[in-house]
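Observations on the three-dimensional arrangement
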Amino acid sequence: MLTAEGIYKSYGSLQVLKGIDVHINKGEVVSIVGASGAGKSTLLHIIGTLDTADKGSLKIANTMITDLNQQKLSDFRNSEIGFIFQFHNLLPEFSALENIMIPGLIGKKSPGNVKKRAMELLQLLGINGRHDHKPSELSGGEQQRVSVARALINDPSIIFADEPSGNLDSHNADELHKLFFNLRDSLGQTFVIVTHNESLAASADRTIEIKDGVIHTPS
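All values reported here derive from a predicted model rather than from experimental measurement.

1. Quick look at the pairing of strand β3 (residues 29–33)
Burial runs high along β3: 5 of the 5 residues are buried. Both faces of β3 are covered, namely the face carrying V29, S31 and V33 and the face carrying V30 and I32. For β3 and strand β8 (residues 191–194), the ladder comprises 4 bridges, and the chain directions are parallel. Directly across from I32, in β8, lies its bridge partner V194. Sheet topology places β3 next to strand β9 (residues 206–211); 4 bridges connect them, and they run parallel. If you follow I32 over to β9, its bridge partner there is I208.

What follows is the structure, given as structure tokens:
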């Protein structure tokens, strides 16, 4: 599903990533762990196409990302990649349903089909009764489920999550973690998750540890 090879990234004189190779298989739930400042979020942003590497290649779903111009990259990101962030990034003036629909509408899909799919996802995620509520009227756990549904609306090839449970209490964090694995099992979805949560990291199919800008392999 994803192959990144020889990824280097520096910010000024600070070298953050020092030649990283990552391979993600379809249907895997992979966690990326490491101390603060180790480079894990930088890596996630690069393999998630939100940032570019100084050197290296990236291939997702048989598409060589490093060969795409900005417009084609934007179109690819919208159709093939889903994102889940720690602070949800929901638009406060729109309802839960409208927030979920936005990526589908940006992708110029039929509004009727997008709404139908959004309602299906609300049902799947157990928040169908909250579709007309704005983010301020939802709990933290409900907001994060809305952001998960938004990430799924275009049936992406892969979903990237950056500390998705970092802003949730332990109960909602556990529920969110279970949800990832249920979605993998029911939809065949692939997840790459940066996390400090030891329980989530331990339950992933595979854990990648970043240490001092390289992948750490225990001796």
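2. Things to note about the packing of aromatic side chains
The final tally for this structure, using the stated rule, is 3 aromatic pairs. Look at F83 and F85: their rings are 6.0 Å apart centre to centre, the planes differ by 15°, and that puts the pair in the stacked class. The class of F85 is partly exposed, set by a relative accessible area of 24%. Relative to F191, the ring of F180 has its centre 5.0 Å away and its plane inclined at 40°; by these criteria the two rings are tilted. With F180 in helix α6 (residues 170–187) and F191 in strand β8, the pair connects residues that are 11 residues apart, well separated along the chain. A single burial state applies to F180 and to F191, both of which are buried. Grouping aromatic residues by their ring pairs yields a cluster made of F83, F85 and F160.

3. Re the sheet that holds strand β5 (residues 63–64)
Pairing is antiparallel across the open sheet formed by 4 strands, whose spatial order is β2-β1-β4-β5. On the outer flanks of this sheet lie β2 (14–24) and β5, each paired with one strand and no other. For strand β4 (residues 55–60) and β5, the ladder comprises 2 bridges, and the chain directions are antiparallel. Bridged to I60 within β5 is T63.

4. Things to note about the layout of surface pockets
Its volume calculated, the largest pocket comes out at about 420 Å³. Of all the secondary structure elements, the ones that give two or more residues to the lining of the largest pocket are α2 (70–80), β6 (81–85), α3 (96–106) and α5 (140–152). Examining the composition of the lining of the largest pocket, we find that 5 residues originate from one element, α2, more than from any other. Of the residues that constitute the lining of the largest pocket, the class distribution is 10 nonpolar, 7 polar and 3 charged. One number sums up the size of the second largest pocket: a volume of about 210 Å³. Surrounding the second largest pocket, 14 residues form its lining, D51, T52, A53, I65 and T66 being those nearest its centre. Elements that contribute at least two residues to the lining of the second largest pocket include exactly β4 and α2. Broken down by element, the lining of the second largest pocket gets its largest block of residues, 3 residues, from β4.

Conventions we followed
- Residues numbered from 1 in each chain as written.
- Predicted model: local features only at pLDDT ≥ 70, side-chain atom pairs only at ≥ 80, totals over all residues.
- Heavy atoms only, no water.
- Buried < 20%, exposed > 50% of the residue type's maximum accessible area, 1.4 Å probe, protein only.
- Helix = DSSP H or I, 4+ residues; strand = E, 2+ residues; numbered from the N terminus.
- Pairing = 2+ DSSP bridges.
- Phe/Tyr/Trp six-rings, centres within 6.5 Å; stacked < 30°, edge-to-face > 60°.
- 1 Å grid on protein atoms, 1.4 Å probe; cavity = no way out; pocket = protein on both sides within 12 Å on 5 of 7 lines; lining within 4 Å.
- Points joined across faces, edges and corners; volume = space filled by probe spheres on them.
- Nonpolar A, V, L, I, M, F, W, Y, C, P; charged D, E, K, R; others polar.

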